[in-house]
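Notes for the structure review
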Amino acid sequence: MNAYPQTDIDAVYRAIRERRDMRHFKPDPVDPALLQRLLQAAHLAPSVGFMQPWRFIRISDTALRQQLHAEVEVERVATAKALGQREDEFMKLKVEGILDCGEVLVAALMDGRERHVFGRRTLPEMDICSIACAIQNMWLAARAEGIGLGWVSLFDPQRLGTLLGLPAEAKAVAILCIGHVEAFYDKPMLEQENWAQRQNLAELVFENGWARPHTPAA
């Protein structure tokens, strides 16, 4: 048997079940060794063609963190307007914790990605899938460590790239807020705020073709 002991299996599924996209943080600093463990967890993620496209920029400058927050605020307002009737409802949501959390990282795709065609010749977007796996690894490790993590995607990638001096071919895909929290949300925050509800898994799993009902094994 290659399976882990049952207690370890239960812990893995618990981390998956209780992971949350956090927006509310305490300002307490994050232990540098813990941050390094989270980065190492991200770096152990699978990547298409083993290209490892992730790059992480730690934002330790207070003024730069405030500039990131300002960029997110611009996009937050623009997103609210694009939502039409839900504009006011959206503006009441807390969508980031950049000024509150202990650590801020920007996750970016590397430059020179056109060289990597293994697994990407017909699906070049697999580089984004790879960095998403890295962020998910970090998310699950953070939850296991009792540390909150929030993925912020409300920004203009070009403007953020200019702000951070990214090479022309690189692309920022996430601002990651990491820090201590009072408590983890009982449910995903957007579900708690009645923005949306988690869909029924049975409606999302097909068999032998699109929209063909899948019957779980007994």
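These numbers come from a predicted model, not from an experiment.

For the coordinates displayed, the defined rule picks out 12 salt bridges. Salt-bridge contacts for aspartate 21 lead to arginine 23; the nearest nitrogen and oxygen are separated by 2.9 Å. Given a relative accessible area of 10%, arginine 23 falls into the buried group. For glutamate 71, the salt bridge is made with arginine 159, and the minimal N-O distance between the two is 2.8 Å. With a gap of 88 residues between them, glutamate 71 in helix H3 (residues 62–82) and arginine 159 in helix H6 (residues 157–164) connect regions that are remote in the sequence. According to the relative accessible area criterion, arginine 159 is partly exposed, its value standing at 45%. Within this structure, Arg14, Glu18 and Arg143 form a network of salt bridges that share partners.

Attention now goes to a nonpolar patch on the surface. Residues Tyr4, Val12, Tyr13 and Ile16 make up a contiguous nonpolar surface patch of about 450 Å² in total accessible area. Within the element layout of this structure, isoleucine 16 appears in helix H1 (residues 6–18). A relative accessible area of 43% places isoleucine 16 in the partly exposed class.

Right, let's get into the sheet that holds strand S1 (residues 54–58). One open sheet holds the four strands; their spatial order is S1-S2-S4-S3, and the pairing between them is antiparallel. Looking along the sheet, the strands with just one partner apiece sit at the ends: S1 and strand S3 (148–152). Across the sheet, the axes of successive neighbouring strands diverge by a mean angle of 25 degrees, strand direction being ignored. As defined by bridge partners, strand S2 (residues 103–109) adjoins strand S4 (residues 171–179) across seven bridges and the pair is classed as antiparallel. Bridging from a neighbouring strand, glutamate 103 pairs with isoleucine 178 of S4. Contacts from helix H5 (residues 126–145) reach S1, S2, S3 and S4, with the element oriented near 155 degrees to S2. Docked against the sheet, H6 engages S1, S2 and S4, running at close to 75 degrees with respect to S4.

Take the packing of aromatic side chains next. Given two aromatic rings, one states the distance between the centres and the angle between the planes to describe the pair. Taken as a whole and judged by the stated rule, the model has three aromatic pairs. When the centroid spacing of 6.0 Å and the interplanar angle of 45 degrees are considered together, the rings of tryptophan 139 and tryptophan 151 count as tilted. Here tryptophan 139, found in helix H5, pairs with tryptophan 151, found in strand S3; they are 12 residues apart in sequence, far enough to count as distant. Seen in terms of ring centroids, phenylalanine 206 and tryptophan 210 are 4.9 Å apart; in terms of plane orientation they differ by 70 degrees. Their pairing is edge-to-face. Of the residues examined, phenylalanine 206 reaches a relative accessible area of 32% and is grouped as partly exposed. The ring of tryptophan 195 has arginine 86 sitting right over it, with the charged end atom 3.7 Å from the ring centre. Across from the ring centre of phenylalanine 184, 3.8 Å away, lies the NZ or CZ of arginine 143, which sits over that ring.

Between its first and last C-alpha, H5 extends 29 Å over 20 residues, near the 28 Å set by a 1.5 Å rise per residue. Where H5 is concerned, the buried positions are Asp127, Ser130, Ile131, Ala134, Ile135, Met138, Trp139, Ala142 and Arg143. Packed against the buried residues of H5 are H1, helix H2 (32–43), S1, S2, S3 and S4.

For the rest of this paragraph, the subject is the packing of H3 against H6. The interhelical angle for the contact between H3 and H6, taken along N-to-C directions, is 170 degrees, at an axis separation of 11 Å. Here H6 runs roughly antiparallel to H3, going by the angle between their axes. Contacts from Leu64, Gln67, Leu68 and Glu71 of H3 reach H6 at Arg159, Leu160, Leu163 and Leu164. Of the residues in the contact of H3 with H6, the class split is five nonpolar, one polar and two charged.

Attention shifts here to H3. The terminal C-alpha atoms of H3, which comprises 21 residues, lie 30 Å apart, in line with the 30 Å expected from a rise of 1.5 Å per residue. Of the positions making up H3, those classed as buried are Leu64, Arg65, Leu68, Glu71, Val72, Arg76, Thr79 and Ala80. On the buried face of H3, the contacting elements are helix H4 (87–91), S2, S3, H6 and S4. N-cap assignment for H3: the residue whose side-chain oxygen lies 3.1 Å from the backbone N of alanine 63 is aspartate 61.

Parameters at a glance
Within each chain, residue numbers correspond to sequence positions counted from 1 in written order. With the structure being a predicted model, the display of local features is reserved for residues of pLDDT at least 70 and the display and counting of side-chain atom pairs for 80 or more, all residues being used for whole-chain, interface and lining totals. The basis for every side-chain value is the complete set of heavy atoms in the structure, and neither hydrogens nor water enter the calculation. Whenever Lys or Arg places a side-chain nitrogen within 4 Å of a carboxyl oxygen from Asp or Glu, that contact is recorded as a salt bridge. Partly exposed describes any residue whose relative accessible area lies between the buried limit of under 20% and the exposed limit of over 50%, with all areas from a 1.4 Å probe on protein chains only and scaled to the type maximum. In this text, helices come from DSSP runs of H or I with a minimum length of four residues, and strands from runs of E with a minimum of two, each type numbered from the N-terminal end. Only residues above 30% relative accessible area that lack a salt bridge enter a patch, with like-charged residues linked at up to 9 Å and the nonpolar side chains Val, Leu, Ile, Met, Phe, Trp and Tyr linked at up to 5 Å. For the area figures, the Shrake-Rupley method with a 1.4 Å probe applies, and any residue is considered shielded solely by the protein chains shown. Whether two strands pair depends on DSSP finding at least two bridges between them. Whenever a helix is involved, its axis is fitted only over the stretch in contact; in every case the axis is a line through C-alpha atoms, and angles between N-to-C directions fall within 0 to 180 degrees. Throughout, a residue-residue contact means that at least one pair of heavy atoms, one from each residue, lies within 4.5 Å. Paired rings are identified among Phe, Tyr and Trp, the last through its six-membered ring, by centres lying within 6.5 Å, and are further divided according to the angle between planes into stacked (under 30 degrees), edge-to-face (over 60) and tilted (the rest). We call a charge positioned over a ring when the NZ of a Lys or the CZ of an Arg lies within 6 Å of the ring centre and within 35 degrees of the ring normal. One fewer than the residue count of a helix, multiplied by 1.5 Å, yields its expected span. Put simply, angles under 35 degrees are roughly parallel, angles over 145 are roughly antiparallel, angles from 65 to 115 are roughly perpendicular, and the rest are oblique. Classification used: nonpolar for Ala, Val, Leu, Ile, Met, Phe, Trp, Tyr, Cys and Pro, charged for Asp, Glu, Lys and Arg, polar for all others including Gly. As used in this structure description, the phrase polar contact means that two N or O atoms lie within 3.5 Å; if the pair is within protein, one of them must be able to donate a hydrogen and the other to accept it, and residues adjacent in sequence are counted only when both atoms belong to side chains.

Read these as layout, nothing more, since geometry by itself doesn't imply function.
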